[in-house]
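# Architecture at a glance
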Amino acid sequence: MSKKSNVDKIREAKERERANARERSVDNDILFSLPVTKVMLAALAVAIVLYVLSYVGEVFGVGALQHYGHVASYVLFALTFFLLVVARVQAKKLTRERRGQ
């Protein structure tokens, strides 16, 4: 019986914690359904591939691959951050609209 009461106490404590927790400003299902987020994830994947290729170019002594790979990957990383900000702003607006209804 005491074991069940401990489980109940833990469950109640978790429910109180969830009740006191602040609502998230962005719902993940909204955020990941936006086209901007999908483009952001694709840009991030390409940036990582280019970053790795730039190091491959460095190892094999291909200067053009190294230089242009670094530049392109850094540009795509910056673009990814910009798209993340845009996606979060859009998702925050849509989340507010959903919760308002």
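Residues numbered from 1 in each chain as written. Predicted model: local features only at pLDDT ≥ 70, side-chain atom pairs only at ≥ 80, totals over all residues. Heavy atoms only, no water.

### Some remarks on helix α3 (residues 35–60)
In this model, α3 (26 residues) spans 37 Å end to end at C-alpha, consistent with the 38 Å of a helix rising 1.5 Å per residue. Those residues of α3 that fall on the buried side of the exposure criterion are Val 36, Thr 37, Met 40, Ala 43, Ala 47, Ser 54 and Gly 57. Contact partners of the buried residues in α3: α2 (28–31) and α4 (63–100). One or two positions beyond α3, positive phi appears at Gly 61, with a value near 75°. (Helix = DSSP H or I, 4+ residues; strand = E, 2+ residues; numbered from the N terminus. Expected span 1.5 Å × (residues − 1). Buried < 20%, exposed > 50% of the residue type's maximum accessible area, 1.4 Å probe, protein only. Contact = heavy atoms within 4.5 Å.)

### Considering the pattern of salt bridges
The tally for this structure, following the rule as stated, stands at four salt bridges. Between Arg 98 and Asp 27 there is a salt bridge, with its nearest N and O atoms 3.2 Å apart. In this pair, Arg 98 sits in helix α4 while Asp 27 sits in the loop between α1 (2–20) and α2, placing the two residues 71 residues apart along the sequence. Note on Arg 98: relative accessible area 42%, which makes it partly exposed. Each of Asp 27, Asp 29, Arg 98 and Arg 99 takes part in salt bridges that share partners, so that together they form one network. (Salt bridge = Lys/Arg side-chain N within 4 Å of Asp/Glu carboxyl O.)

### A word on a nonpolar patch on the surface
A cluster of nonpolar side chains, namely Phe 32, Leu 41, Leu 44, Ile 48, Val 49, Val 52, Leu 53, Val 56, Val 59, Phe 60, Val 62 and Leu 65, defines an oily patch on the protein surface of about 1000 Å² accessible area. Sorting elements by how many residues they give to the nonpolar patch places α3 first, with nine residues. Within the fold, Leu 53 resides in helix α3. When its relative accessible area of 35% is taken as the criterion, Leu 53 is described as partly exposed. (Patch = residues over 30% accessible without salt bridge, like charges linked within 9 Å, V, L, I, M, F, W, Y side chains within 5 Å. Areas by Shrake-Rupley, 256 points an atom, 1.4 Å probe, with all protein chains shown as cover.)

### Here's the deal with the side chain of His 70
Following the sequence through the fold, His 70 ends up in helix α4. If we ignore the near neighbours within four places in the chain, the residues touching His 70 are Tyr 51, Ser 54 and Tyr 55.

### Remarks on a positive patch on the surface
Judged by side-chain charge, Arg 22, Arg 24, Arg 88, Lys 92, Lys 93 and Arg 96 come together as a positively charged surface patch. Within the fold, Arg 96 resides in helix α4. When its relative accessible area of 57% is taken as the criterion, Arg 96 is described as exposed. (Lys, Arg positive; Asp, Glu negative; His and termini not counted. Charge placed at Lys NZ, Arg CZ, Asp CG, Glu CD.)

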